[in-house]
Amino acid sequence: MNDRSQQLLDIRPEIPSAKVSPEMGDDEFFQNATLRPVIKLQNDLLLAVFSNYITKHKNRFYELTLERRLQYIENAIQKDIKFRNALKGMIIGQFGIEEYGHYIQNSSNLNKRMMNMVIKRIQDQLQYFDTVKPMISV
């Protein structure tokens, strides 16, 4: 393991609920050992980036009902390919060389897991966006 990989591992938060065991499939192991800690580490950045996304899209998010806000988050991440790729880059950029090697072997499935986790994390923190809500002039 090179220095960069070790340093990245050292700064990641521990997630006791993210169990890893030899019986797990490769993708589930990668999800719990790598994706969950990286996404948690990047949480504040992910929230800031989504807040900026809202602003760039004329703050329509703030006019929506709770149910529509949840759907807005999902649609933004699933359907806006440029935004989705930016989010993936923020997460993949925190991989060590060995982790990246594993990631590229099954990137399609791991991308789905990754984006579903990001969607859920942002949806679970919906109240954050009310605290950073920009002033909207009438």
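Provided above is the structure to which this section pertains.
Residues numbered from 1 in each chain as written. Predicted model: local features only at pLDDT ≥ 70, side-chain atom pairs only at ≥ 80, totals over all residues. Heavy atoms only, no water.

A. Summary view of unusual backbone geometry. Look at Lys-58: it is not a glycine, yet its phi comes out positive at around 60°. Tracing the chain through its elements places Lys-58 in the loop between α3 (43-56) and α4 (66-79). Its relative accessible area of 59% is what places Lys-58 among the exposed residues. (Helix = DSSP H or I, 4+ residues; strand = E, 2+ residues; numbered from the N terminus. Buried < 20%, exposed > 50% of the residue type's maximum accessible area, 1.4 Å probe, protein only.)

B. Representation of the packing of helix α2 (residues 26-41) against helix α6 (residues 97-105). At their nearest, the axes of α2 and α6 sit 11 Å apart, and the two run at 140° to each other. Handedness of the α2/α6 crossing: left-handed. In this structure, α2 uses Asp-26, Asp-27, Phe-30 and Thr-34 to contact α6, whose residues at the interface are Glu-99, His-102 and Tyr-103. Here the residues of the contact of α2 with α6 sort into two nonpolar, two polar and three charged. (Axes fitted to C-alpha atoms, helices over the stretch in contact; angles between N-to-C directions. Left-handed = near helix turned anticlockwise from the far one by under 90°. Contact = heavy atoms within 4.5 Å. Nonpolar A, V, L, I, M, F, W, Y, C, P; charged D, E, K, R; others polar.)

C. Summary view of the packing of α4 against helix α7 (residues 107-124). One can describe the packing of α4 onto α7 by two numbers: an axis separation of 10 Å at closest approach and a directional angle of 150°. By the angle class used here, α4 and α7 are roughly antiparallel. Both α4 and α7 take part in a crossing whose hand is right-handed. Contacts between α4 and α7 pair Leu-70, Ile-73, Glu-74, Ile-77 and Gln-78 from the former with Met-115, Asn-116, Val-118, Ile-119, Ile-122 and Gln-123 from the latter. Broken down by class, the residue content of the contact of α4 with α7 amounts to seven nonpolar, three polar and one charged. (Parallel < 35°, antiparallel > 145°, perpendicular 65-115°, else oblique.)

D. The packing of aromatic side chains, seen in detail. Within the structure shown, the criterion is met by 14 aromatic pairs. On the numbers, 6.0 Å between centres and 35° between planes, the contact of Tyr-100 with Tyr-103 is tilted. With Tyr-100 and Tyr-103 both in helix α6 and three residues apart, the pair spans about one turn of that helix. The structure contains a cluster of three or more aromatic residues connected by ring pairs, namely Phe-50, Tyr-53, Phe-61, Tyr-62, Tyr-72, Phe-83, Tyr-128 and Phe-129. (Phe/Tyr/Trp six-rings, centres within 6.5 Å; stacked < 30°, edge-to-face > 60°.)

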